[in-house]
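# Residue-level structure breakdown
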Amino acid sequence: MSDSERAVPAWQRPSEGESRLSATAAILGIVVVQVLLPSELLPSPAWLLPILELGVLLVLIIANPSRMDREEPWIRGLSLLLAGLISIATAVSALLLLQAIFSGQSDQGAGTLLGSGMLIWATNVIAFSLWYWEFDRGGPAARATGRKPLPDFIFPQMQDPELGGKDWRPEYLDYLYLAFTNAASFAPADVLPLSRWCKMMMMVQSITSLVIGGMIIARAINIIR
């Protein structure tokens, strides 16, 4: 590696592409959660969105079996479609749960209600982590080519290479951590959002998390009493 290449941070240089294992596991986890949720908290028919999500995921795995380094418009479109399907399913489930809470027609016990709420909260975290992961510097394939030097998120390792090693690059688990901390504490912890879109998206996630958590806990306390 030349001196000029060493001067460029690893996250800005072309790479072999990120492994799709972590993101795939998270998406499969969402499908499992959708299966575990009560049918009245899922879009009707309950099997439609999980089947669509698995179908799109299968096509993406075939297109990029191990590492996401193939940057094509149709692959990019399917990746965003998958994130959109997951977000739609999460939003519908949250609205149906809140409707049941506000109407007072929910006959679920406090334990079931809290369990369903926690599952929906978790899918909300994963849904936003996928959006952050897909949009930061154009997505995983674009980051692998290094064609977009300006980041949307600044991670500590990007400011000080000694914290993460000379080959450190942000991967899906870093965005999952970002989404979790933003949902749990309504702040991005050690990650700095730069772009306006990521600031607005993080604001939407914080509001969503606050509404879901607050309403479910309040309703569960009322049931217990």
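Residues numbered from 1 in each chain as written. Predicted model: local features only at pLDDT ≥ 70, side-chain atom pairs only at ≥ 80, totals over all residues. Heavy atoms only, no water.

Time to look at empty space enclosed by the protein. Summed over all chains, the structure comprises two cavities of 30 Å³ or more. Computed from the structure, the largest cavity encloses a volume of approximately 40 Å³. Every residue along the wall of the largest cavity is listed here: Ile30, Gln34, Leu37, Leu42, Ala89, Thr90, Ser93 and Thr123. Listed by contribution, the elements that provide at least two residues to the lining of the largest cavity are α2 (21-36) and α4 (73-103). (1 Å grid on protein atoms, 1.4 Å probe; cavity = no way out; pocket = protein on both sides within 12 Å on 5 of 7 lines; lining within 4 Å. Points joined across faces, edges and corners; volume = space filled by probe spheres on them. Helix = DSSP H or I, 4+ residues; strand = E, 2+ residues; numbered from the N terminus.)

So, about the environment of Val125. You can see Val125 is positioned in helix α5 (residues 110-135). For the pair Val125 and Ala179, spaced 54 residues apart in the sequence, the C-alpha separation amounts to 5.5 Å. Once residues lying within four places of it in the same chain are set aside, the contact partners of Val125 are Leu176, Ala179, Phe180, Ala183 and Gln205. (Contact = heavy atoms within 4.5 Å.)

Right, let's talk about the environment of Leu42 for a bit. Tracing the chain through its elements places Leu42 in the loop between α2 and α3 (48-63). Those residues in contact with Leu42 that lie beyond four places of it in its chain are Gln34, Leu37, Ser93 and Leu96.

Looking now at the layout of surface pockets. Roughly 280 Å³ of internal volume is contained in the largest pocket. For the largest pocket, the lining is made up of 24 residues, of which Ile75, Arg76, Ser79, Glu134 and Pro140 are closest to its centre. Going through the elements one at a time, α2, α3, α4, α5 and α6 (140-145) are the ones with two or more residues in the lining of the largest pocket. The dominant element in the lining of the largest pocket, judged by the number of residues it contributes, is α4, at five residues. Its residues placed into classes, the lining of the largest pocket shows 13 nonpolar, four polar and seven charged. (Nonpolar A, V, L, I, M, F, W, Y, C, P; charged D, E, K, R; others polar.)

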